[in-house]
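Residues per chain are reported as follows:
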Amino acid sequence: MDIGRRDVLLGSAALLLAPAGSACAATERPLGYAIVGLGYYGLDVIIPQFVNCEHSRLVALVSGDRAKAQRVARAHGVPERAIYSYADFDKIRDNPEIDIVYVCLPNGMHAEYTIRAARAGKHVLCEKPMAISVAECEAMITACRKADRKLMIGYRCHFEAHNLEAMRLARSGAAGKIRYVRSEHGFVQGDPSKWRLKRALSGGGSLMDMGIYSLQAARYMTGEEPVAVTARESTDRRDPRFSEVEDMIEWTLEFPSGAIAGCQSMYSANQNHILLMGDAGRIELEPATRYDGNQMWVGKDGRERKITPPPGPAKTQFAGQLDHMAQSVMTGRQPIVSGEEGLRDMRIVEAIYRSAREGRTIKL
Ligand code: NDP
């Protein structure tokens, strides 16, 4: 991999791409993670990834289901004394093995557990969306800053080989001057009783869950911050799944260069796509942001090339993310997807909802 070239192009991603072991001379052991919330993502996706990490290890579990936590602890060599409930969560303060708390809870609980973790003296990796309002995001950043702890958001695509290569190609002008980006993300949501369909825990519907990927893609593919947003929602409120949150929402972002992004998210169709059109060609990913199996093409001068990106610096995007946070803590550098990055998205999310509600363009 051409590490030097990428460092220049992606700037702050340099730390992420540092050769294995180089940033870790300052410590003798991998940093210890406590996983909070043993649901689909925390238990099935993240915990199995520690075997792929170089600088991170699993040392504690936080769960409302002690029997489940005990089973998981036995399977992963976590001592019984390092299992916590939500009620006694603050006792993590007394466990020096825990360096980082990874919040894998429903969105509406992210702020509380991030703030409590920071007050307990722990660094925080918090799942997307960062929280359910700008005010919560600001409170999380303040709490971490006050406690002098790092805060990172689980934007795993910044550690995924296809997305990294797409960003690099976009920046290097592979498609010419960027004219527009399209990105759509969604899946068919089934059970109406799920927390994702309850506003208090989710903060919203498909936008909060999958739309975050479309929004992120618009920002990291253009490398620009939007100045205006116009949105429209389409939800069948008679459908019991959507009595509290939106199904489909689409929005247009205007960027200072004149580029625009047309984004969409939905809970009633399976979609996972990013397209960047420039005045000289296109970069397209489909599927774009899955855990694996992503594919990418570049079209230019009438030729279509399927791109196999150089392997990422870590074994998987998840291990890259976990180790990047550990390395950020070890070196004292800001994670490339910090709390401020989550806050930027949440400001736009609030503007998208407002635009859809009020039927007008919102300046950002
Ligand atoms: P799940 O419903 O599968 O798991 C959430 C877990 O949170 C539960 O299993 C439970 O763990 C705990 N919990 C505590 N209180 C509640 C409550 N009131 N209702 C429901 N669960 C509760 O959700 P996911 O794992 O799919 O999502 C968790 C977070 O991860 C979300 O923020 C989501 O956006 C994010 N996510 C990110 C993905 C990514 O690719 N980056 C992919 C999927 C999710 P316990 O029983 O241990 O207490």
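**Remarks on the packing of helix α4 (residues 110-119) against helix α5 (residues 134-146)**
- Running from amino to carboxyl end, α4 crosses α5 at an angle of 10°, the nearest separation of the two axes being 9 Å. What the angle tells us is that α4 and α5 run roughly parallel. Contacts between α4 and α5 pair H110, A111, T114, I115 and A118 from the former with E136, A139, M140, A143 and C144 from the latter.
- The class makeup of the residues in the contact of α4 with α5 is seven nonpolar, two polar and one charged.

**Digging into the environment of I115**
- Tracing the backbone shows I115 in helix α4.
- Among the residues examined, I115 registers a relative accessible area of 16% and is labelled buried.
- Taking the C-alpha atoms as reference points, I115 and E284, separated by 169 residues in sequence, lie 38 Å from one another.
- When near neighbours in sequence (up to four residues on either side) are disregarded, I115 contacts A139, M140 and A143.

**With respect to the sheet that holds strand β10 (residues 260-266)**
- Spatially, β14-β13-β12-β11-β7-β10-β9-β8-β15 is the arrangement adopted by the nine strands of the open sheet, whose pairing is mixed. Looking at strand neighbours, the two that pair on one side only are β14 (303-307) and β15 (362-363), the edges of this open sheet.
- Looking at chain direction, strand β8 (residues 228-234) and β15 are connected through two bridges and run antiparallel. Directly across from A228, in β15, lies its bridge partner K363.
- Strands in contact with helix α8 (residues 206-222) are β7 (178-186), β9 (248-254), β10, β11 (271-278) and β12 (281-285); relative to β7, the strand with the most contacts, it is inclined by about 160°.

**Focus: the confidence of the model for the chain**
- Of the residues in the chain, 92% reach a pLDDT of 70 or more, and the chain-wide mean stands at 93.
- Note on residues 1-26: pLDDT is under 50 here. Beyond four places in sequence and across chains, it has 45 contacts.

**Structural notes on the pattern of salt bridges**
- If you walk through the whole model with that rule in mind, you get 23 salt bridges.
- Its salt-bridge partner being D209, residue R196 comes within 2.9 Å of it at the nearest N-O pair. Of this pair, R196 sits in the loop between β7 and α7 (199-202) while D209 sits in helix α8, and the two are 13 residues apart along the sequence.
- Overall, D209 belongs to the buried group, its relative accessible area being 6%.
- Through salt bridges with shared partners, a single ionic network connects R219, E225, E341, R344 and D345.

The rules we used
- Residues numbered from 1 in each chain as written.
- Predicted model: local features only at pLDDT ≥ 70, side-chain atom pairs only at ≥ 80, totals over all residues.
- Heavy atoms only, no water.
- Axes fitted to C-alpha atoms, helices over the stretch in contact; angles between N-to-C directions.
- Helix = DSSP H or I, 4+ residues; strand = E, 2+ residues; numbered from the N terminus.
- Parallel < 35°, antiparallel > 145°, perpendicular 65-115°, else oblique.
- Contact = heavy atoms within 4.5 Å.
- Nonpolar A, V, L, I, M, F, W, Y, C, P; charged D, E, K, R; others polar.
- Buried < 20%, exposed > 50% of the residue type's maximum accessible area, 1.4 Å probe, protein only.
- Pairing = 2+ DSSP bridges.
- pLDDT = per-residue confidence, 0-100.
- Salt bridge = Lys/Arg side-chain N within 4 Å of Asp/Glu carboxyl O.

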